[in-house]
Amino acid sequence: MNQFEYVRLSDVTGAAKAISKVANSQFLAGGTNLIDLIKMGITTPARLVDIKPLPLAMISRTAGGITIGAIASNSQVAEHADIKSMFPLLAMAINAGASPQLRNMATTGGNLMQRTRCPYFFDITMPCNKRAPGTGCGALEGINRMHAILGASDKCIAVNPSDMNVALAALDATIEVTGAKGKRVIRIADFHRLPGDHPELDNTLAKGELITSVTIPASPFNKNYHYLKVRDRTSYAFALVSAAVGLQMDGNTIRAARIAMGGVAHKPWRATAAEKFLQGKTATDENFEKAGQLAIEGAHGYEHNKFKLKLAPNAVRQALLTAAAKK
Ligand code: SF4
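Fair warning: this is a prediction, and the values are worked out from it, not measured in the lab. (Residues numbered from 1 in each chain as written. Predicted model: local features only at pLDDT ≥ 70, side-chain atom pairs only at ≥ 80, totals over all residues. Heavy atoms only, no water.)

For the ligand, the set of nearby residues contains 14 residues, the closest of which are Cys118, Cys128, Cys137, Cys156 and Ile157. More than half of the atoms belonging to the ligand lie within 2 Å of the grid points that define the largest cavity. In the shell around the ligand, the residues fall into nine nonpolar, three polar and two charged. (Near = heavy atom within 4 Å. 1 Å grid on protein atoms, 1.4 Å probe; cavity = no way out; pocket = protein on both sides within 12 Å on 5 of 7 lines; lining within 4 Å. Sits in = over half its atoms within 2 Å of the grid points. Nonpolar A, V, L, I, M, F, W, Y, C, P; charged D, E, K, R; others polar.)

Printed below as a string of structure tokens:
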């Protein structure tokens, strides 16, 4: 069994220092993902820095939108009155994820950091470039039903499993982090990485950087929105494909559209070509079908997941139809 040191801290600077002092340290918050990874021997930290006591559980309105503390639980966010009125797409996506018990424990920062659910990543007897760089990818020629159709590489075809991240991508969230070099802000589009030659890196955080909050700018996508998650069972399952959409409508004309997909790539996949296509168009099934096709431009299926090439555009189309129909 891996022996590790446990440190519990209540100030951000202290937590950042505690991480930098011991190589292979990790932050622990809700633990809904990390504890599983430790128990299964997938990650073996030398030090765990428990950040649950940090004063980062706030959800506060700002001049330009809402800021959510990194420690705010998924339940707290999804049930918050301002989130429900300003960003119901986010509440809907969070409530589509995991179970109520997990949402009570899981945090906003932890959800951003959630690791893939690729079964080969979880099986330490199998090759996996993400878990053990250079060992190969078990999924490429294996059971790849849940895997990516967009942005994958020959090193890794895993997907980001989060529902929350898909809505945050559609809503153009930014992520505030702090580390040895001070504070910085990362656009969500730049936070999660595509696998390329380094699938072991899920995101662009520098070593030791701590997520402190997420800010969502005010937007007009709180009336005509929808999060559609297609999964094998209706509860407690990861998405085969999901679509987070928002429309700014003027009568039956689309002024602006936001579309992001989950279950299709190593990061939440923003469908900007489809968004541009819809701008100024009428809300018709024909236009939504075309948007769905544009959303998967360049997609590539593997042996067991070619069904996603039909499922993903249909999910986008259906989510858009549902969003447009909201009065
Ligand atoms: Fe590992 Fe990625 Fe391949 Fe899955 S898809 S086995 S996570 S390298």
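Now for helix α13 (residues 308-325). End to end, α13 covers 25 Å across 18 residues, agreeing with the expected 26 Å (1.5 Å per residue, within 8%). All of the buried residues in α13 are Lys308, Ala312, Pro313, Ala315, Val316, Ala319, Leu320, Ala323 and Ala324. The arc that holds every buried residue of α13, seen down its axis, measures 155°, which confines them to one face. Of the exposed residues in α13, those oriented more than 90 degrees away from the buried face are Lys310 and Ala325. Tucked into the core, α13 has its buried residues touching β9 (224-230), β10 (241-250), β11 (253-262), α11 (272-278) and α12 (285-295). (Helix = DSSP H or I, 4+ residues; strand = E, 2+ residues; numbered from the N terminus. Expected span 1.5 Å × (residues − 1). Buried < 20%, exposed > 50% of the residue type's maximum accessible area, 1.4 Å probe, protein only. Arc of directions from axis to C-beta. Contact = heavy atoms within 4.5 Å.)

An order of β1-β3-β2 is seen for the three strands of this open sheet, with the pairing classed as parallel. The open sheet is flanked by β1 (5-8) and β2 (25-28), the only strands paired with a single partner. Each strand axis lies, on average, 25° off the axis of its neighbour in the sheet, ignoring direction. One ladder, built from four bridges, connects β1 with strand β3 (residues 47-50); its direction is parallel. Bridging across to β3, Glu5 finds its partner in Arg47. Packed on one face of the sheet, helix α1 (residues 12-21) meets β2 and β3 and runs near 150° to β2. (Pairing = 2+ DSSP bridges. Axes fitted to C-alpha atoms, helices over the stretch in contact; angles between N-to-C directions.)

Further remarks concern empty space enclosed by the protein. Counted according to the given criterion, the structure contains two cavities of 30 Å³ or more. There is about 80 Å³ of room inside the largest cavity. Classifying every residue of the lining of the largest cavity by side-chain character gives 10 nonpolar, five polar and two charged. The calculated volume of the second largest cavity comes to roughly 70 Å³. Gln114, Arg115, Thr116, Lys130, Ala158, Val159, Asn160, Pro161, Asp202 and His266 are the residues that line the second largest cavity. (Points joined across faces, edges and corners; volume = space filled by probe spheres on them.)

So, on to the layout of surface pockets. The computed volume of the second largest pocket comes to approximately 160 Å³. Considering the residues around the second largest pocket, the lining is formed by Ala169, Asp172, Arg187, Ile188, Ala189, Lys267, Pro268, Trp269 and Arg270. Sorting the residues of the lining of the second largest pocket by element identifies α10 (188-191) and β12 (269-270) as the ones contributing at least two each. Looking at side-chain class alone, the lining of the second largest pocket contains five nonpolar, no polar and four charged residues.

What follows deals with the nonpolar core. Ile68, Ile83, Leu90, Leu112 and Leu168 are the most contacted members of the largest nonpolar core, which has 38 residues in total. Considering every element that reaches this core, the biggest residue donor is helix α9 (residues 164-170), with six residues. In contact with Ile83, other than residues within four places in its own chain, are Ile59, Ile66, Ile68, Val77, Pro88, Leu90 and Ala91. Residues Ile149, Ile254, Phe288 and Ile296 belong to the second largest nonpolar core, which totals 29 residues. (Core = buried A, V, L, I, M, F, W, Y, C linked by side-chain atoms within 4.5 Å.)

In this section: the pattern of salt bridges. Going through the model one piece at a time under the given rule, you end up with 17 salt bridges. Here Asp250 and Arg255 are joined by a salt bridge, their closest N and O atoms 3.0 Å apart. Exposure remark for Asp250: the relative accessible area of 40% places this residue in the partly exposed category. For Arg255, a relative accessible area of 43% gives the class partly exposed. One salt bridge connects Glu275 with Arg270, and the closest N-O pair in it is separated by 2.6 Å. By sharing partners, the salt bridges in this structure join Asp172, Arg258, Arg270 and Glu275 into a single network. (Salt bridge = Lys/Arg side-chain N within 4 Å of Asp/Glu carboxyl O.)

So, about the packing of aromatic side chains. The geometry of an aromatic ring pair is captured by the separation of the ring centres together with the interplanar angle, meaning the angle of the planes. If you walk through the whole model with that rule in mind, you get one aromatic pair. Look at Phe121 and Phe122: their rings are 5.6 Å apart centre to centre, the planes differ by 85°, and that puts the pair in the edge-to-face class. Residue Phe121 is classed as buried on the basis of its relative accessible area, which comes to 1%. Phe122 gets classed as buried once you look at its relative accessible area, which sits at 18%. The ring centre of Phe277 lies 4.2 Å from the NZ or CZ of Lys281, which sits over that ring. A cation sits over an aromatic face here: Lys326 above Tyr225, 3.7 Å from the ring centre. (Phe/Tyr/Trp six-rings, centres within 6.5 Å; stacked < 30°, edge-to-face > 60°. Lys NZ or Arg CZ within 6 Å of the ring centre and 35° of its normal.)

Let us look at the sheet that holds β10. Reading across from one edge, β9-β10-β11-β12 is the order of the four strands in this open sheet, with antiparallel pairing throughout. Unpaired on one side and paired on the other, β9 and β12 mark the two borders of the sheet. Strand direction decides the pairing type here: β10 and β11, joined by nine bridges, are antiparallel. The residue of β11 that forms the bridge with Val245 is Ile259. Along the sheet, helix α5 (residues 88-95) makes contact with β9 and β10, crossing β9 at roughly 15°.

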